[in-house]
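Residue-level listing of the chains:
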Amino acid sequence: MYDSNSKPNANRGKKWNRSKFVQKMKRHGQRGVQLELDEYKYLSAILDNITRDKETEERQLMASNVMGQLKGKEIRTAMNLVGSRVLENLLVYTDEETFAPLMDLFAENFRVFCGDTFASHVLQRVLSIALLRAVAPLQIKQEPDTAEDEHARKKQKAGGGGEGWTEKCIWPGVEYCLQEEYSEQHRQQCRKFVERMTKFLMNNLEEFVSDCNASHAIRQVILHLAGITEKKAVEGSESKHLIVPEEWQKLLHEFGERILAWPQFVDLASTEVTAVLLQDLLRAVAITNDEFHLKQFLSKLYKEVFRPNKKETKYDPDSETQPDTSNLPPLFTNSSMLRVLEMCVAVAPAEFIKNKLYAKLFRNHVKQLAVSKTGNFAVQKLIDHTTEKDLMDLIFAELEDSLEQLLSMRHTGVLLAMARACGRLSCQQGKFVKLLLDALHCGESTPEKMIMAVLCLLPADGTNAPADSPNILLHGSLILQAILYYTKPIKFVTALLGMPNDRLAEIFLDQRGSFVANAFIESKFVGEKSREKMVRHLEGQYSRFALNIYGSRVVQIMFEAGSPEQRENIVHELAEECLAQLNNKVWSAKINKQLLVETYKNNPAQWRVLIKRDVKVTQMFNKLVDGKKRKLES
């Protein structure tokens, strides 16, 4: 069984190694425009000193000093690898007097900056800063209303002042730009810079659209006009875009019209550089809720790119005539066009997805795509954005015979999309569970084997299983969580309760497996008695949970779900077995504080009074905020 504590550095490789990055920057630092040796050494030293733990005042002071030293050399510095990285991080913290002349300098040299490998990144950073400073007054101020929001805000601030524009940005400063006070004149200057750059790129679209460096600037302008600060599309993040002036939406519409009228529009989707531009344009238009403009794009892509020279026929789901499925259409063999199609699925209205994209493109090809290395992501997108039961039934029918093949190919994202869609649309739930268990060969297995087969997405009979104990997969945990929210999750509820509690504890101590406890307790289709049984079933393991970073969450979850007697049993176990160790780690100290373990050890009667009072306050609070849970605080 996988033990999360046995590999404390298992995720170390996923974290950004700043020291390694800085060394790489310095090793290749003289790429681009060659700087004087003294200048290069100075900038390298500055790059070494740009660390996340510096306070805002230190960052402002460093920005002021460095920009003073670089006055008159900004263009040459921006065109050097190390110099561009220094500018990208420092420009965020420059004052009005420093930043305004830089905008003028960059505006006069748009063409130079757009075509340069390193300076183009600096230009994009200037554009982002100008956007944030210009639109900050339009944003609705929201105070954090929960302890978790406050903690997240503090953590974000400590990490560098907010989310960043790139993963390698040391000082992103989005939050800083939105909260810092600037004069109205400066904000207008920033707004004019964004508009000036937009018009420049729009007027020189033919020259820059295929250029790798300049196309990044075009994409950023398009996203910024819609209020999007991140180039990478994250599912569900679109609702958090910034409020922008109405005039910018008109500029975005004009940008879109230029693209639609492009003589080589069909070719844009077939090459990687221009395909991502189309994706960002679709994403930006969808954000602005311009339904007419979005429909124009979708229709043109559908007719001229996805189905060129195809005669339209009315969709008939009951038609007995089956198209040739021996070969996939050319669309699905071009990775760039496939990514554009995925974005179309993500932003298109439900009717367009059903009657056009599925009926004319995906129908009778879903299974082929699902087992395809590149096409399975399009199938995931299609399932994730299906909102009608009858359409999901058609997709499900094409995939129901291929679950075992998908598992063997490790295309588990398709299975997760199916599991979530069946729960979201309340359809095919029982059939999906049966097919999944059959594919994993665990329908008649013991509870432990069945649960582990689902969590690890490996057959219970050992087929294709690794020699050592398999890890719990993220997709496996998410599939089990989705099933627990089904209307009849009794088979898995019984299986979880039927596992030995030490083996169940190993699952809940895992980073991914711990969230199964959330689903078990929060699902409205898991009965009250089953929840109480789970709290009771885990007795004897709570001290083990409390000392683990992931298990500590399980203690809180089970404490809130338990009866008064069970709550006291949990705290009694913690007080007797691990009280001395609770304050050794942040997460266990939080358990001690919230559950009043030390108070219970000293005076159980006082503990019962305090907990009873806190529970009443919690219940009143829940009624005021529509039943949202609040973690117990002493």
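Conventions and cut-offs
- For every chain, the first residue of its written sequence is number 1, and the numbers climb from 1 along that sequence.
- With pLDDT at 70 or above as the cut-off, local features in this predicted model cover only qualifying residues; side-chain atom pairs require 80 or more to be listed or tallied, and sums for whole chains, interfaces and linings still use all residues.
- Side-chain metrics rest on all non-hydrogen atoms present in the structure, leaving aside hydrogens and water.
- The secondary structure listing takes helices from DSSP runs of H or I that are at least 4 residues long and strands from runs of E that are at least 2 residues long, numbered from the N terminus.
- Contact between two residues is taken to exist if any of their heavy atoms lie within 4.5 Å; hydrogens are not considered.
- Per-residue accessibility takes into account occlusion by the displayed protein chains alone, with areas from the Shrake-Rupley method and a 1.4 Å probe.
- Each patch groups residues whose relative accessible area exceeds 30% and which form no salt bridge, using 9 Å between like charges and 5 Å between nonpolar side chains of Val, Leu, Ile, Met, Phe, Trp and Tyr.
- Between Lys or Arg on one side and Asp or Glu on the other, a salt bridge is scored when a side-chain nitrogen of the former is within 4 Å of a carboxyl oxygen of the latter.
- Asp and Glu are treated as the negative residues and Lys and Arg as the positive ones, with His and the ends of the chain left uncounted.
- Every charge is mapped onto a representative atom, which is NZ of Lys, CZ of Arg, CG of Asp or CD of Glu.
- Here's how the labels work: a residue is buried when its accessible area is under 20% of the maximum for its type, exposed when over 50%, partly exposed in between, all with a 1.4 Å probe on protein chains only.
- In this text, buried Ala, Val, Leu, Ile, Met, Phe, Trp, Tyr and Cys residues form a nonpolar core when linked through side-chain atoms within 4.5 Å.
- Two aromatic rings, drawn from Phe, Tyr or Trp (for Trp, its six-membered ring), form a pair once their centres lie within 6.5 Å of each other, and the interplanar angle then sorts them: stacked below 30 degrees, edge-to-face above 60, tilted otherwise.
- Fitted lines through C-alpha atoms give the axes, limited to the stretch in contact for helices. The angle between two N-to-C directions lies from 0 to 180 degrees.
- By definition in this entry, angles of less than 35 degrees are roughly parallel, angles greater than 145 are roughly antiparallel, angles of 65 to 115 are roughly perpendicular, and the rest are oblique.
- By convention, the crossing between two helices is left-handed when the near helix turns anticlockwise from the far helix through less than a right angle, and right-handed when the turn is clockwise.
- Under the scheme applied here, ten amino acids are nonpolar (Ala, Val, Leu, Ile, Met, Phe, Trp, Tyr, Cys and Pro), four are charged (Asp, Glu, Lys and Arg), and all others, including Gly, are polar.
- Confidence scores here are pLDDT values: one per residue, from the predictor, ranging 0 to 100.

Q: Looking at this structure, how should I read the overall build of the protein?
A: Within the protein one finds 37 helices and 0 strands. Put simply, of all contacts in the protein between residues at least 6 apart along the chain, 72% involve residues at least 24 apart. Just so you have it, the protein exposes about 31,100 Å², and 50% of that area is on carbon and sulfur atoms.

Q: Quick question: what am I supposed to make of a negative patch on the surface here?
A: A surface patch of like charges, here negative, comprises Asp53, Glu55, Glu57 and Glu58. By the element assignment, Glu55 lies in the loop between helix H2 (37-49) and helix H3 (56-69).

Q: Before we go on, may I ask you to explain the environment of Arg187 in this structure?
A: Along the chain, Arg187 falls in helix H11 (residues 184-203). A relative accessible area of 8% means that Arg187 is categorised as buried. Separated by 57 residues in sequence, Arg187 and Ala130 place their C-alpha atoms 7.9 Å apart. Apart from residues no more than four positions distant in its own chain, Arg187 is found in contact with Arg133, Ala134, Ala136, Pro137, Glu180, Glu181 and Tyr182.

Q: Looking at this model, I keep getting lost on the environment of Leu403. Mind explaining?
A: Mapping Leu403 onto the fold places it in helix H23 (residues 403-408). Judged by its relative accessible area of 2%, Leu403 is buried. Sequence-wise, Leu403 and Leu435 are 32 residues apart; in three dimensions their C-alpha atoms are separated by 7.2 Å. Residues in contact with Leu403, not counting those within four places in the same chain, are Leu415, Met418, Phe432, Leu435, Leu436 and Ala439.

Q: In this structure, what is going on with the nonpolar core? I would like to understand it.
A: Counting 202 residues, the largest nonpolar core has Phe193, Phe362, Phe508 and Met558 as its most contacted members. It is helix H8 (residues 119-135) that provides the largest number of residues to this core, a total of 11 residues. Apart from residues lying up to four places away in sequence, Met558 is in contact with Phe508, Ala517, Ile521, Met534, Val535, Leu538, Tyr542 and Ile570.

Q: What is the right way to look at the packing of aromatic side chains in this model?
A: Pairs of aromatic rings are described using the distance from one ring centre to the other and the angle between the two planes. Applying the stated criterion to the full structure yields 10 aromatic pairs. Taking 6.1 Å as the distance between ring centres and 65° as the angle between the ring planes, the aromatic pair formed by Tyr542 and Phe545 counts as edge-to-face. Residue Tyr542 and its partner Phe545 are located together in helix H32 (residues 542-546), separated by 3 residues, close to a single helical turn. There is no split in this pair, since Tyr542 and Phe545 are both buried. Arranged with centres 5.3 Å apart and planes meeting at 85°, the rings of Tyr600 and Trp607 form a pair that is edge-to-face. Assessed through its relative accessible area of 9%, Tyr600 is described here as buried. Here the aromatic residues Phe110, Phe193, Phe200 and Phe208 are joined through ring pairs into a cluster of three or more.

Q: Any chance you could explain the packing of helix H14 (residues 246-260) against helix H17 (residues 291-306) here in plain terms?
A: When two helices pack together, their arrangement is captured by the angle between the axes and the distance separating the axes. Two elements in contact, H14 and H17, have axes separated by 11 Å at closest approach and are oriented at 20°. In terms of orientation, H14 lies roughly parallel with respect to H17. Relative to H17, H14 is oriented so that their crossing is left-handed. Across the interface between the two elements, Leu252, His253, Gly256, Glu257, Ile259 and Leu260 of H14 pack against His293, Gln296, Phe297 and Lys300 of H17. Here the contact of H14 with H17 is composed, by residue class, of 4 nonpolar, 4 polar and 2 charged.

Q: How should the pattern of salt bridges be read in this particular structure?
A: Note on pairing: side chains with opposite charge can pair once their charged atoms come close. Applying the stated criterion to the full structure yields 20 salt bridges. Notably, a salt bridge pairs Glu254 with Arg258, separated by 3.8 Å at the nearest N-O pair. Note that Glu254 and Arg258 are positioned in helix H14 at a spacing of 4 residues, about one turn of the helix. Judged by its relative accessible area of 32%, Arg258 falls in the partly exposed class. Bridged by salt links that share partners, the residues Glu39, Lys73 and Arg76 form one connected network.

Q: What is the right way to look at the side chain of Ser514 in this model?
A: Secondary-structure assignment places Ser514 in helix H30 (residues 514-522). Not counting chain neighbours up to four residues away, the residues in contact with Ser514 comprise Ile507, Phe508, Tyr550, Arg553 and Val554.

Q: So what exactly am I meant to see when it comes to unusual backbone geometry here?
A: Negative phi values dominate among residues other than glycine, just as trans dominates among peptide bonds. Positive phi is not limited to glycine here, since Asn289 has a value of about 60°. Summarising the element assignment, Asn289 is placed in the loop between helix H16 (272-287) and H17. The exposure class assigned to Asn289 is exposed, which follows from its relative accessible area of 64%. One non-glycine residue, Arg410, lies in positive phi territory at about 65°.

Q: How should the environment of Glu97 be read in this particular structure?
A: Assignment of secondary structure puts Glu97 in helix H6 (residues 96-108). Judged by relative accessible area, Glu97 falls into the exposed class, the value being 60%.

Q: Any chance you could explain the confidence of the model for the protein here in plain terms?
A: Caution is warranted with low-pLDDT regions, since their predicted coordinates should not be read in detail. A residue-level look at the protein finds 81% of positions with pLDDT of 70 or above and a mean pLDDT of 83. Low confidence marks residues 1-16, where pLDDT is under 50. Its contacts with residues over four positions away, or in another chain, come to 26 contacts. Scored below 50 in pLDDT, residues 319-325 makes 7 contacts in the model with residues more than four places away or belonging to other chains.

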